[in-house]
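Descriptive analysis of the structure
What follows is the residue order along each chain.
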Amino acid sequence: MKIILGPASAQLGKHIAQTLETETVPVAFKTFPDGENYVRLEGQVQNEEVAIVQTTSPPQDTRLMQLALIADSAKRNGAKKITAVVPYLAYARQDRVFLQGEAMSAETIARMLKAAGVERLITVNVHQEKVLSHFPFPAKSVSAIPLLAEYFVKKGQAKAFALSPDEGAVHIAEEARKVLGGECGYLEKSRDRYTGQVNMEKKTLAIEGKTVIIFDDIISSGGTIVAAAKILKELNPQEIYVACVHPLLIGEAEKLIRHAGVEEIVGTDSVPSSVSRVSLAPVISKELAH
Ligand code: R5P
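About the criteria used
Residues numbered from 1 in each chain as written. Predicted model: local features only at pLDDT ≥ 70, side-chain atom pairs only at ≥ 80, totals over all residues. Heavy atoms only, no water. 1 Å grid on protein atoms, 1.4 Å probe; cavity = no way out; pocket = protein on both sides within 12 Å on 5 of 7 lines; lining within 4 Å. Points joined across faces, edges and corners; volume = space filled by probe spheres on them. Helix = DSSP H or I, 4+ residues; strand = E, 2+ residues; numbered from the N terminus. Nonpolar A, V, L, I, M, F, W, Y, C, P; charged D, E, K, R; others polar. Phe/Tyr/Trp six-rings, centres within 6.5 Å; stacked < 30°, edge-to-face > 60°. Buried < 20%, exposed > 50% of the residue type's maximum accessible area, 1.4 Å probe, protein only. Pairing = 2+ DSSP bridges. Right-handed = clockwise from strand over helix to strand, strands pointing away. Contact = heavy atoms within 4.5 Å.

What the largest pocket holds in volume is close to 1200 Å³. Those elements giving two or more residues to the lining of the largest pocket turn out to be β8 (139-142), α5 (170-180), β11 (189-191), β13 (211-219) and α6 (223-233). The dominant element in the lining of the largest pocket, judged by the number of residues it contributes, is β13, at four residues. In this structure, the second largest pocket encloses a volume near 160 Å³. Surrounding the second largest pocket, Val142, Ser143, Pro146, Leu147, Pro282, Val283, Lys286, Glu287 and His290 form its lining. Going through the elements one at a time, α4 (145-154) and α8 (281-289) are the ones with two or more residues in the lining of the second largest pocket. Taken together, the residues that form the lining of the second largest pocket break down as five nonpolar, two polar and two charged.

So, in structure tokens, the structure goes:
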């Protein structure tokens, strides 16, 4: 297998190739003055199984287009099988029609990738796993939560309370608890579908004097974590940390979260950022080696 280094995830791609002890294929890319994308493979893929590593965090439309163009190029140049490794899968939160008249964006993206030549997809902590069952090729989501929890164990935070900001993500807190060895729980969150405003209910949780780590798949505007930290503060924990798989950290998110009293935000290199301290390479390499 060869690893094609998508422009959005070249570092992660190199890390995966090192772990698998396999060759990389660099990609030359540019944007034309009118905004169109250009890519060119700088290596041979003839008769090779290839994995294109390309996250699709913002600017997601550009990165999706680059991914589709790379897949097309790999196919034209004789690649035997094309796997797309897309740690952050753009549009995955629109995994169903919430309001009449909406598109089912996640499926639209999948069909676009299939048309470009993608035959298999690996992503990480996709927002709702069930969306992958509608994809027109095998698609799997692997979890980075144990890697994030291990980061905190190494930091001396074993037994910390693992918390998810809403009930739908309680499986994430449970996964973290298995590594941390403490307790876990969840908050009650709702979001206005029209305004995007997050509402978090007050809740009784036995966290007084304890270290709490909020685990979430995505931090975008930071609204969810800020609201969660506000509720938690009233329950007098010792410290609050945040772990997330996809640190999009749009706008002032990082600052707002720190101001809400969070000691540290830890993310993965799914989205390269100032908080990306945990690499996805081990979990993705393992899946590719299957
Ligand atoms: C939503 O259910 C997700 O799990 C995240 O909690 C959400 O996407 C975070 O978005 P934001 O940071 O804008 O609140």
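Moving on, we get to the packing of aromatic side chains. Using the criterion set out here, one finds five aromatic pairs in the structure. Pairing Phe32 with Tyr38 gives two aromatic rings, centres 5.9 Å apart and planes at 80°, and the pair type is edge-to-face. Since its relative accessible area comes to 34%, Phe32 is described here as partly exposed. Exposure remark for Tyr38: the relative accessible area of 29% places this residue in the partly exposed category. Between Phe152 and Tyr241, the ring centres sit 5.6 Å apart and the planes meet at 65°, which makes this aromatic pair edge-to-face.

On to empty space enclosed by the protein, then. Applying the stated criterion to the full structure yields one cavity of 30 Å³ or more. What the largest cavity holds in volume is close to 60 Å³. Pro87, Tyr88, Leu89, Ala92, Arg93, Val124, Asn125, Val126, His127, Asp217, Ile218 and His246 together form the lining of the largest cavity. Here the residues of the lining of the largest cavity sort into seven nonpolar, three polar and two charged.

Burial of the side chains of strand β1 (residues 2-5) extends over both faces: Lys2 and Ile4 are buried on one face and Ile3 and Leu5 on the other. In terms of strand pairing, β1 meets strand β5 (residues 49-53) through four bridges, oriented parallel. Looking at β5, one finds that Leu5 is bridged to Val53. Taken together, β1, helix α1 (residues 10-20) and strand β2 (residues 24-25) form a β-α-β motif whose crossover is right-handed.

A separate point is the environment of Ala229. Its location among the elements puts Ala229 in helix α6. Taking the C-alpha atoms as reference points, Ala229 and Ala176, separated by 53 residues in sequence, lie 18 Å from one another. If near-sequence neighbours (up to four positions away) are discounted, Ala229 is found in contact with Ile214, Ile240, Ala260 and Val262.

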